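# Topology and contacts: notes
The lines below spell out each chain.
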Amino acid sequence: MKQPKRYLITAALPYANGLKHIGHLAGAYLPADIYVRYLRAQKRDVVFVCGSDEHGTAIPIQATKEGTTAQAIIDKYHPIIEQNFNDLGISFDIYHRTSSPIHHETASEFFTALNNKGDLITKESEQYYDEQAQSFLADRYIKGTCPNCGFQAAYGDQCESCGKSLSPDELINPVSTLSGNTPVKKLTKHWYLPLDRHEDFLRKWIIEEHGNDWRSTVVGQCKSWIDGGLQPRAVTRDLDWGVALPDDVEGGKGKVLYVWFDAPIGYISATKQWALNTGKDWRPYWEDQDTKLIHFIGKDNIVFHCIIFPVMLQLHGNILPTNVPANEFMNLEGDKMSTSRNWKLEMEDYINDFIKPANGGSQLADTLRYYLTAIAPESKDSEFTWKGFQDANNSELVSIFGNFINRALVLMHKLCNGKVPPLHNELLDELDHATIEAIQQSKEKIEQLLEDYKFRDAQFEVINLARIGNQYMQKKEPWILAKQLAENPAAQQLINNCLHICLQLTANLAILSNPFLPFTAKKICYLLKVVDKILDWENAGSMKLLSVGYSLRAPELLFRKIEDEEITIQIEKLKAAAVNKESITTTSNTNNNQSVDTATAITGESADKSPVKPEIVFDDFAKIDLKVGTIVTAEKVEKADKLLKLQVDLGFETRTIVSGIAMHFAPEAIVGKQVTVVCNLAPRKMRGIESNGMILMAEDANGKLHFINPEDPINPGSGVS
RNA sequence: GGCGAGGUAGCUCAGUUGGUUAGAGCGCAGGAUUCAUAACCCUGAGGUGAUGGGUUCAAUUCCCAUCCUCGCUACCA
């Protein structure tokens, strides 16, 4: 394989509206960092870019929530997230932000270039407009009653109570959050990226050229999108937060680039800023075919990085990604990680509990890195458990890796006067040679695995080399030889050979573990009194890393054990936090996006749920005709998971009502049940069946639905008031 | 419902272009040892490979159906 001239590595841009959890870390940042550290050790020309995604409507929304400005929100989260990454050893060359002038410029130019070439199309459509604020309303600036769950403060794009994706048109009683007025429909023009024009290119590029070397989950996902037929995608929005359209674009006033369009360009602007900082030229990294561009992301972002952004890049004359090694998701203690349900472990929390100097320091950063890599969801979803975390640390990092290095150093101090002993070549036996050979083999294996983005396997080889070291030492038993010194002084030479090899192996472990466990590698260097330069990858496999007679530091432990109480505390903390949340749903509002959030908005903390809706007068209430009905028949609706078709006896008539409760009740189990029905609701067709009314339901903290019905059976048709 | 990815030892996961006794780590059991953070080392037990069919001399690996999990999507008045 021809070696590329340079590498550009990107990790998904985190959305700066909240803290990020370990699922994000394991999904994109950690594998990217391992890869980058390896490339740097190889002395390759590599740039690792990332940064905060600071546009999109969720930011100003979060601002409203926190009672502050959008700028204040991003200024708050950007540095925290950056610091979190830093504490965990994620070694970006630049952690940029999309609110920077250079990004605005870059994104704006990108738009202009495509627009001028005729690569974008425009369409006019009706959208909600706030006449008082004189502004079109982005989906998230419209609130109303969720048609699904009745939650009053549902947003125009999604109801944060039930998680349902919405369009503003679906909201009942839409209200502008800017003025509180009812918005009106008004014609507006928007620019679109006609993805449908590029289906052939994508099919050829992804399916034919990369069908075999990209991960199957990635190719499968792309194929699914392409086969489903691609649609033009809006690249602009009516909003005042984001990258404004260039002044010279007709009709562009008051519009910004849609966040999904501007965010990936953030990779380019970050590269530019890095080039400015370092006096380099950014262009080859995005324009020269000899550059290997790799996007590390979570599976939720596959479509953006494999379909949409590549189309943009291609139209703009940039290079395309060589690979997009997307990870699946990481679950936590038996359940999906979820911001809204507060079932998560944030980087910030881990850092506070384990990495702060008082609690263990940076060695615990490596422990997290180790475990997350060991269970990386490379081919399917995986699961983080605190017990697993403890086991991985205690039985692998402590007992095998740390222990080998410790016993080598301790023995060297005891049996060799604290100096690197000489090697007596003439006395080397088969085992010695095999062990030396194993070091070289480990290096080659790790190298190959890393090049193939198989990080968990690669890391396993590192631990395995330490295991080989333990086995070697066990067979050589230098402590036994030491007891024979009195009658057999020549035994010292065997001791020397054993420890010489163990120490060289230790130095090799520093090099090989460096991409995965950078803090540990550094500490090994400290113990061996060698400079960090030794970590250059080319040194791996060498048996001459430490010179004979060199005196080394007294041993210090590389890792500490993690006690049962520590993980018990964490598990309790997790459960307590989750229980404290009110109004939890089991529907799709899990938002466990584990990477950049572009158009699909990580919603961050849950919505401000005012416990009581705004006051209404009696007449408003009296308009609703509520009656008790009895379910006569119930059947599943074809091709719909959530719908049941019910015949409800209302006394004066029996009518058809379609209700989205199929996930909660078996049809046969609810026949005969009494329910409360809104019977003067306008009819609505669902899946081709006309529904004449609505069944009232109550939702408990677990998201389970319950009927609202009379205590004792009463006549169908009885009024409710 | 459609599409995509998975369902392999108690746990976390590999692997097989179809071919003799299906692998690893952890955990567990037994043994050995004491240099080492009650650590290491050796040995062992554990899988009718989701289920049911089919193709084949031969299937865990190919095909079909069913069930389950996850993601995208439709559906929730």
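Please refer to the structure placed before this passage.
How each quantity is defined
Residues numbered from 1 in each chain as written. Chains lettered and ligands numbered in written order. Predicted model: local features only at pLDDT ≥ 70, side-chain atom pairs only at ≥ 80, totals over all residues. Heavy atoms only, no water. Near = heavy atom within 4 Å. Polar contact = N/O pair within 3.5 Å; in protein donor to acceptor, adjacent residues only side chain to side chain. Helix = DSSP H or I, 4+ residues; strand = E, 2+ residues; numbered from the N terminus. Nonpolar A, V, L, I, M, F, W, Y, C, P; charged D, E, K, R; others polar. Pairing = 2+ DSSP bridges. Contact = heavy atoms within 4.5 Å. Patch = residues over 30% accessible without salt bridge, like charges linked within 9 Å, V, L, I, M, F, W, Y side chains within 5 Å. Areas by Shrake-Rupley, 256 points an atom, 1.4 Å probe, with all protein chains shown as cover. Salt bridge = Lys/Arg side-chain N within 4 Å of Asp/Glu carboxyl O. Buried < 20%, exposed > 50% of the residue type's maximum accessible area, 1.4 Å probe, protein only. Phe/Tyr/Trp six-rings, centres within 6.5 Å; stacked < 30°, edge-to-face > 60°. Lys NZ or Arg CZ within 6 Å of the ring centre and 35° of its normal.

### Some remarks on the protein's contact with RNA strand B
Neighbouring residues of RNA strand B: 57 residues in total, closest Ser379, Leu681, Arg684, Arg687 and Gly693. Each atom of RNA strand B within 4 Å of the protein was assigned to sugar, phosphate or base; sugar and phosphate come to 75%. Separating a sugar or linking oxygen of RNA strand B from a side-chain N or O atom of Asp381 is a distance of 2.6 Å. By residue number, the principal contributor to the surface near RNA strand B is helix H12 (residues 386-415), which donates twelve residues. In terms of residue class, the surface near RNA strand B is made up of 19 nonpolar, 19 polar and 19 charged.

### Regarding the pairing of strand S16 (residues 626-636)
When S16 meets strand S19 (residues 674-678), the two strands line up antiparallel, connected through five bridges. Note on S19: the bridge partner recorded for Leu626 is Val678.

### A short note on the side chain of His103
Structurally, His103 can be placed in helix H4 (residues 101-116). Apart from the residues lying within four places of it in its own chain, the contact partners of His103 are His55, Arg97, Thr98, Val243, Asp262, Ile265, Gly266 and Ser269.

### Quick look at a nonpolar patch on the surface
Taken together, the side chains of Ile616, Phe618, Phe621 and Ile624 make up a nonpolar region of the molecular surface, amounting to roughly 410 Å² of accessible area. With relative accessibility at 52%, the residue Ile616 sits in the exposed group.

### Concerning the environment of Gln441
Looking at where Gln441 falls in the secondary structure, it is placed in helix H13 (residues 430-451). For the pair formed by Gln441 and Leu372, sequence separation is 69 residues and the distance between their alpha carbons is 25 Å.

### Side note on the packing of aromatic side chains
Enumeration over the complete set of coordinates arrives at 32 aromatic pairs. An angle of 80° between the planes, with centres 6.3 Å apart, marks the rings of Tyr35 and Phe455 as edge-to-face. Of the two residues, Tyr35 sits in helix H1 (residues 22-41) while Phe455 sits in helix H14 (residues 455-476), which places them 420 residues apart along the sequence. Residue Tyr35 is classed as buried on the basis of its relative accessible area of 0%. Relative accessible area serves as the criterion here: at 3%, Phe455 is assigned to the buried category. Seen from their ring centres, Phe384 and Trp386 are 5.2 Å apart, and the 85° between their planes marks the pair as edge-to-face. Owing to a relative accessible area of 0%, Phe384 belongs among the buried residues under this scheme. Taking the relative accessible area as the measure of exposure, Trp386 reaches 2% and is therefore buried. By the ring-pair criterion, three or more aromatic residues cluster together here, those being Phe110, Phe111, Trp191, Tyr258, Trp260 and Phe261. Here Lys123 stacks its cationic end above the ring of Tyr192, 4.7 Å away from the centre of that ring.

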